[in-house]
Amino acid sequence: MGTRFGVAIMRVDVNICCWNVGWGEATVIGFNFIQAHVVDFGTNITLMRRDKELICRAIEKAHYALKRYPHMSVVLTHLHYDHYSLMPHVLDNRQADVMYYPGIPEPHDLQRMVLYMLSSEAVILKRSGVMVFDDLAKKVKQSRPLFKGMKVKLTGECIYFEVLWPPLKLPPNLANKVRSKLKPVYEKAKKLVEKEGIEREVRELYEVYQKNFTKYVEGELPSEALYGLPTFTNLRASVEASAKLTKEEAKVLSEIHDAVNDFSLIVKYYNWEHAPLVLILGDNSQSTLDYLACIEPGGFVFFMRGAHHGLESGNFIRRHKALVTWLSWTSHLAKYGLPHLDYMYVSHSVMIAENSKSLSVYLRPLALWRRLHYCFKVNNDSISIYIP
């Protein structure tokens, strides 16, 4: 098995960068200096006030990391803005070839609740002056919802990623658990929308989301970009406007965030010999991760990004071994808990965002797996791991 991994990653050069954005995810994965995937890049409203310098530094370094790649795509693993709110600033004056995002699985009643809550959240954020619609859509040529079983080959590369979650339809037992979590939050969102008199705006955006998030596209990409995603406008203006959310709005939006976690993307990247390289976990709960362990194999990966900032774990994660794991947990998330200990048991090295501003992992072509070795380089604002 050792030799297989060594031979499998020959002629594959993978560069993975993760940044501390306070409360969110920010990852760039580059392949053979040809194509890069920006896998989430966003932060929370509160952090725009507290850590603007940290966020601006992450964006600047992401610009530098992306310069060397002629092709670029966007992967949104979760439909909450702390995963994509900074994306237009990262793309800057470039256009991404494709934006991939998680589709919303059936049953239909769950689809309706999720789409309504996402629409409500987006309209409230836009009305508050915190965010603006469609800045991201203008920087993306095409968009595509992803469902379990889909495989996407990278441009000009012998590398592809496979979608492990979400499925087209949730299994009944899991659907019932998700439904019980969604329903009370859905009712709160409805009351808030009625109270603020924004039913028409929410309904219009709901129709846009319904068209984009629930269709299964096979064989070709849709010609339109995904509209209606709220992202931070001018960063300075976002800081000044972020205080305009009421306490009731902030509370409901936080509950919406938690309620839709189980619809996050889980993807695994493979090389041309189908050897796994990178595992990206969304914000899914333990129930989803335990169910996924029953239908998907585990195994070794070079890099793993922890579920829900490192707060969640499950049997699916326990079935893996990782050389390096990145957890975007910071003290801002301490009220939700500490990073899960499972990552310490399944990983050779675990990096937590709280202790560093950024992480860089370089996976160089190897002749033999047994020759693999790596070392740390630490300075004031980054930790780099080199695998020569």
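See above for the structure.
Residues numbered from 1 in each chain as written. Predicted model: local features only at pLDDT ≥ 70, side-chain atom pairs only at ≥ 80, totals over all residues. Heavy atoms only, no water.

Grouped together as the largest cluster of nonpolar side chains are 95 residues, with contacts concentrated most on F41 and L182. A total of 11 residues in this core trace back to one element, the largest contributor, which is helix α5 (residues 108-127). Judged by nonpolar contacts, the second largest core, of 32 residues, contains I29, I280, F302 and W326. (Core = buried A, V, L, I, M, F, W, Y, C linked by side-chain atoms within 4.5 Å. Buried < 20%, exposed > 50% of the residue type's maximum accessible area, 1.4 Å probe, protein only. Helix = DSSP H or I, 4+ residues; strand = E, 2+ residues; numbered from the N terminus.)

If you walk through the whole model with that rule in mind, you get 13 salt bridges. With its nearest N and O atoms 2.6 Å apart, the salt bridge here joins R305 to D40. One end of the pair, R305, is in strand β13 (residues 299-305); the other, D40, is in strand β3 (residues 35-41), and 265 residues separate them in sequence. Each member of the salt-bridge network shares a partner with another, and the members are E25, D40 and R305. (Salt bridge = Lys/Arg side-chain N within 4 Å of Asp/Glu carboxyl O.)

So, on to the pairing of strand β2 (residues 26-31). Of all 6 residues in β2, 6 are buried, a share of seventy percent or more. Burial along β2 is two-sided: the residues A26, V28 and G30 and T27, I29 and F31 are all buried. Taken together, the 5 bridges between strand β1 (residues 14-19) and β2 define a ladder with antiparallel strand orientation. By the bridge assignment for β2, I16 is matched with I29. Following β1, the chain reverses through 6 residues before pairing antiparallel with β2; G22 in that reversal takes a positive phi of roughly 85°. Note: β2 against β3, 5 bridges, orientation antiparallel. Bridging across to β3, I29 finds its partner in H37. (Pairing = 2+ DSSP bridges.)

Per the counting criterion, the structure on display carries 13 aromatic pairs. Residues W23 and Y336 carry aromatic rings whose centres are separated by 5.8 Å and whose planes lie at 80° to one another, so their mutual orientation is edge-to-face. Here Y336 lies in the loop between β14 (320-327) and α12 (342-346) and W23 lies in the loop between β1 and β2, a separation of 313 residues in the sequence. Ring geometry for F300 against F302: centres 5.1 Å apart, planes inclined by 80°, an arrangement best described as edge-to-face. For the pair shown, F300 and F302 are each scored as buried. (Phe/Tyr/Trp six-rings, centres within 6.5 Å; stacked < 30°, edge-to-face > 60°.)

In this section: unusual backbone geometry. Note the cis peptide between E106 and P107, where omega equals 10°. Along the polypeptide, P107 turns up in the loop between β5 (96-102) and α5. Cis geometry marks the peptide bond from W165 to P166, where omega comes out at 10°. With respect to the element layout, P166 can be found in the loop between β9 (160-165) and α6 (172-196).

Tracing the sequence through the fold places E296 in the loop between α10 (286-293) and β13. For E296, the side chain forms a polar contact with the side chain of K148, separated by 2.3 Å. (Polar contact = N/O pair within 3.5 Å; in protein donor to acceptor, adjacent residues only side chain to side chain.)

Moving on: the sheet that holds strand β11 (residues 266-270). What the 7 strands build is an open sheet, ordered β8-β9-β11-β12-β13-β14-β15; its pairing is mixed. The sheet is open, and its two edges are formed by β8 (151-153) and β15 (347-352), each paired on a single side. Pairwise comparison of adjacent strand axes, ignoring direction, gives a mean angle of 20° for this sheet. Across 5 bridges, β9 lies against β11 in antiparallel orientation. Its bridge partner lying in β11, Y160 is registered against Y270. (Axes fitted to C-alpha atoms, helices over the stretch in contact; angles between N-to-C directions.)

In terms of burial, β11 is largely enclosed, as 5 of its 5 residues are buried. Counted between consecutive antiparallel strands, the loop separating β11 from strand β12 (residues 276-280) contains 5 residues, among which H274 sits at a positive phi close to 65°.

Another aspect to go through is the packing of α5 against α6. Angle between the axes and distance between the axes: these two values describe a pair of packed helices. Two elements in contact, α5 and α6, have axes whose closest approach is 9 Å; the angle formed by their N-to-C orientations is 40°. Of the possible angle classes, the one that applies to α5 and α6 is oblique. As for how α5 packs across α6, the hand of that crossing is left-handed. In this structure, α5 contributes D109, L110, M113, V114, Y116, M117, S120, I124 and R127 to the contact, and α6 contributes A175, V178, R179, L182, K183, V185, Y186, A189, K190, L192, V193 and E196. Partitioned by chemical class, the residues of the contact of α5 with α6 number 14 nonpolar, 1 polar and 6 charged. (Parallel < 35°, antiparallel > 145°, perpendicular 65-115°, else oblique. Left-handed = near helix turned anticlockwise from the far one by under 90°. Contact = heavy atoms within 4.5 Å. Nonpolar A, V, L, I, M, F, W, Y, C, P; charged D, E, K, R; others polar.)

Contact pair α6 / helix α9 (residues 247-259): the axes reach a minimum separation of 10 Å and the direction vectors enclose 145°. Handedness of the α6/α9 crossing: left-handed. Here α6 contributes K181, L182, V185, K188, A189, L192, K195 and E196 to the contact with α9, which in turn contributes E248, E249, K251, V252, E255, I256, D258 and A259. Taken together, the residues of the contact of α6 with α9 break down into 7 nonpolar, no polar and 9 charged.

With respect to the helices and strands, the residue T330 is situated in the loop between β14 and α12. Within the local environment of T330, its side chain forms a polar contact with the backbone oxygen of G22, the two atoms lying 2.4 Å apart. For T330, the residues in contact, after removing those within four places along its chain, are N20, G22, A353 and E354.

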